[in-house]
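# Notes for the structure review
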Amino acid sequence: MSTTRTDPLTLEVVDLIGTVVARYHDEYEEAAAQHALTGAQARVLGLLSLEPTPMRKIAEKLKCEPSNVTGIIDRLESRGLAERRPDPGDRRVKVAAPTEEGRDVARRLRESLRFAREPLGELTEVERTLLRDLLKRMLGTA
C-alpha cells in the first residue's frame, strides 16, 4: 500500500533529489554545449555508445516521440557521430549506432561530467550499492 508522506524528512529528501537532478542536468547541458551538441543529442549519443539501439527504444528511454528521435539521429548523422543500420535480429528494423567519432565524443562527454562522479567518489562501495538499490526500489525496478 502506497502512502503519501508530507513529513519534514520526506520533503527534505524530495528537495535534495530535485537539487541533484537539476545540478546533473545543468552540467550535462554545459558538457554537451562544449561539443556543440544539445542535451538531447548528447543523451542519445550516450545511449548509443552503450549499444546500437532501435529508434523506438530510444524514444521510450527518453520518454519522447519517435519523430523527435528521428530528428536527433539526423543531426548526429550529419555530423558523422551516428549512423543507421539494419537490426541484425530483424532487418526490417533500423538501429542507430555511434560511429567511431561518436563513441569518442560520448566518452569525452562522460569524462567531463564531474558532478555525477565526484560526490559518488566520496561514498564507499557499500554506500554506492545501497544508494543504487534504494533508487531502483524507488523506481520500482529493484
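Summary of the structure given here.

Parameters and conventions
Residues numbered from 1 in each chain as written. Predicted model: local features only at pLDDT ≥ 70, side-chain atom pairs only at ≥ 80, totals over all residues. Heavy atoms only, no water. Salt bridge = Lys/Arg side-chain N within 4 Å of Asp/Glu carboxyl O. Buried < 20%, exposed > 50% of the residue type's maximum accessible area, 1.4 Å probe, protein only. Pairing = 2+ DSSP bridges. Helix = DSSP H or I, 4+ residues; strand = E, 2+ residues; numbered from the N terminus. Contact = heavy atoms within 4.5 Å. Axes fitted to C-alpha atoms, helices over the stretch in contact; angles between N-to-C directions.

Let us now look at the pattern of salt bridges. Throughout the structure, instances matching the rule amount to 10 salt bridges. The partner of Arg84 in a salt bridge is Glu77, with the nearest N and O atoms 2.2 Å apart. A relative accessible area of 27% means that Arg84 is categorised as partly exposed. According to the relative accessible area criterion, Glu77 is partly exposed, its value standing at 30%. One network of salt bridges, with partners in common, ties together Asp104, Arg107, Arg108 and Glu111.

The subject of this paragraph is the sheet that holds strand β1 (residues 53–54). Strand-to-strand pairing in sheets goes through backbone hydrogen bonds, with the strands running parallel or antiparallel. Spatial ordering of the open sheet is given by β1-β3-β2, a layout of 3 strands whose pairing is antiparallel. Since the sheet does not close on itself, it has two edges, and those belong to β1 and β2 (82–87), each with one partner. Here 6 bridges tie β2 to strand β3 (residues 90–98), and the two strands are oriented antiparallel to one another. In the sheet register, Arg85 faces β3, and the bridge partner there is Val95. Taken strand by strand, helix α4 (residues 66–78) contacts β2 and β3, and its axis lies near 120° from that of β2.

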